Amino acid sequence: MRILVTGGAGFIGSHLVDKLMEKEKNEVIVADNYFTGSKDNLKKWIGHPRFELIRHDISRPLFVEVDQIYHLACPASPIFYKYNSVKTIKTNVMGTLNMLGLAKRLRARILFTSTSEVYGDPLEHPQKETYWGNVNPIGVRSCYDEGKRMAETLMFDYYRQYGIEIRIARIFNTYGPRMNIDDGRVVSNFIAQAIRNEPLTVQLPGTQTRSFCYVSDLVDGLTQLMEGTDTGPINLGNPGEFTMNELAKAVQELINPKVQISEVENTPDDPRQRKPDITKAKEVLGWEPKVNLHEGIPLMEDDFRRRLGVPRT
Ligand SMILES: NC(=O)c1ccc[n+]([C@@H]2O[C@H](COP(=O)([O-])OP(=O)(O)OC[C@H]3O[C@@H](n4cnc5c(N)ncnc54)[C@H](O)[C@@H]3O)[C@@H](O)[C@H]2O)c1
Ligand SMILES: O=C(O)[C@H]1O[C@H](OP(=O)(O)OP(=O)(O)OC[C@H]2O[C@@H](n3ccc(=O)[nH]c3=O)[C@H](O)[C@@H]2O)[C@H](O)[C@@H](O)[C@@H]1O
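Residues numbered from 1 in each chain as written. Chains lettered and ligands numbered in written order. Predicted model: local features only at pLDDT ≥ 70, side-chain atom pairs only at ≥ 80, totals over all residues. Heavy atoms only, no water.

### A look at the side chain of S59
Part 1 of the reasoning: For S59, the location among the structural elements is in the loop between β3 (51–55) and β4 (68–71).
Part 2 of the reasoning: A distance of 3.3 Å separates polar atoms of two side chains, one belonging to S59 and the other to K87.
Part 3 of the reasoning: Residue contacts for S59: discarding those within four places in its chain leaves K87, K90, M94, G95 and N98. (Helix = DSSP H or I, 4+ residues; strand = E, 2+ residues; numbered from the N terminus. Polar contact = N/O pair within 3.5 Å; in protein donor to acceptor, adjacent residues only side chain to side chain. Contact = heavy atoms within 4.5 Å.)

Now the structure itself:
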């Protein structure tokens, strides 16, 4: 089985590559432009006979011969996806068109990593896959959430029109080792701040909620979805729901009881609550997360301490 992973040098992509490479029968090709990813995340595979790494921007066509495509390429942190919003749209729309064109030529199965952001600022709670969402089409987050919605549309049109085998995962906030230290997402921010003894920046009001999934659970869900028979969309996330105030307190308690918590301004259109309904993932894939937040934070802390050069005292 030859497998293409777009965005494989990123956080989730590199963990997925680790899992795919465990199988002797798999050959893995990664295509990445290194915007938010890094070769360092894949260093243990570089030079391996079953592994190839290509510097490539997926908003341009790619010609390779593969059996399966995991299509992850897209900046995921709000800071990075807003930085060049037009590029984010090109990556989601033209990039997904290119990958679907590739899947069509090869008759390859393609899995797309969509997001809980397709639900926008949800008016239904928790969110089921049947909910159509509450999304601002002209806001600063639209390049990402509307981009992902358009990519889902493209996936389903290629499925209906050309019979392409598609899989769509709607991923909810995932965290773990190898996140960029200055990625800007909340778990990586709080852990880096706690280790550096800088105040944890809770964006107001602090009562907004998220549900955090540990990366090994998520990667299991992605491979099970790819190998299963359901097109999706399927929510993949951990239903444990926390306010940002609660997350800050958990990080304080687990990593640095002396660190301060400060309140800072938020950014526009920040969803007020988010929690996946994972009934479908349980029924269709037999999947549910195993690692809870209090177990996952210390695992991520070890990796951040090593990279920041600050050992536990
Ligand atoms: N981490 C999460 O909580 C989360 C939640 C929902 C959805 N997702 C989705 O999962 C995927 C991976 O997210 P992540 O957290 O690993 O993010 P990440 O930023 O660490 O990884 C994204 C990777 O895509 C690459 N990339 C970006 N634009 C590209 C382009 N035009 N061409 C080629 N490569 C490109 C980046 O260099 C990086 O290696 C993304 O599609 C993201 O939208 C992630
Ligand atoms: O999981 C998802 O579906 C999507 O969610 C995230 O977007 P978001 O939830 O906004 O992620 P964060 O930037 O980590 O923010 C989460 C919450 O933490 C808050 N926050 C963020 C950073 C910080 O320092 N402090 C803080 O309180 C934000 O205001 C927000 O309410 C990811 O960034 C997207 O890649 C992903 O697609």
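That covers the picture; the talk isn't over yet.
### Quick word on the pattern of salt bridges
Part 1 of the reasoning: For the structure shown, the criterion picks out 25 salt bridges.
Part 2 of the reasoning: Ionic pairing is found between R2 and E27, a salt bridge with its closest N-O pair at 3.2 Å. One end of the pair, R2, is in strand β1 (residues 2–6); the other, E27, is in strand β2 (residues 27–32), and 25 residues separate them in sequence.
Part 3 of the reasoning: By relative accessible area, E27 is classed as partly exposed at 34%.
Part 4 of the reasoning: Here the salt bridges do not stand alone but share partners, grouping E117, R141, R210, D270 and R274 into one network. (Salt bridge = Lys/Arg side-chain N within 4 Å of Asp/Glu carboxyl O. Buried < 20%, exposed > 50% of the residue type's maximum accessible area, 1.4 Å probe, protein only.)

### Quick look at the environment of S211
Part 1 of the reasoning: Structurally, S211 is set in strand β9 (residues 209–211).
Part 2 of the reasoning: The exposure class assigned to S211 is buried, which follows from its relative accessible area of 1%.
Part 3 of the reasoning: Once the C-alpha coordinates of S211 and T174 are considered, the two residues, 37 residues apart in sequence, prove to be 8.4 Å apart.
Part 4 of the reasoning: Setting aside chain neighbours within four positions, we find S211 in contact with F172, N173, N238, P239, G240, E241, R274, K275 and P276.

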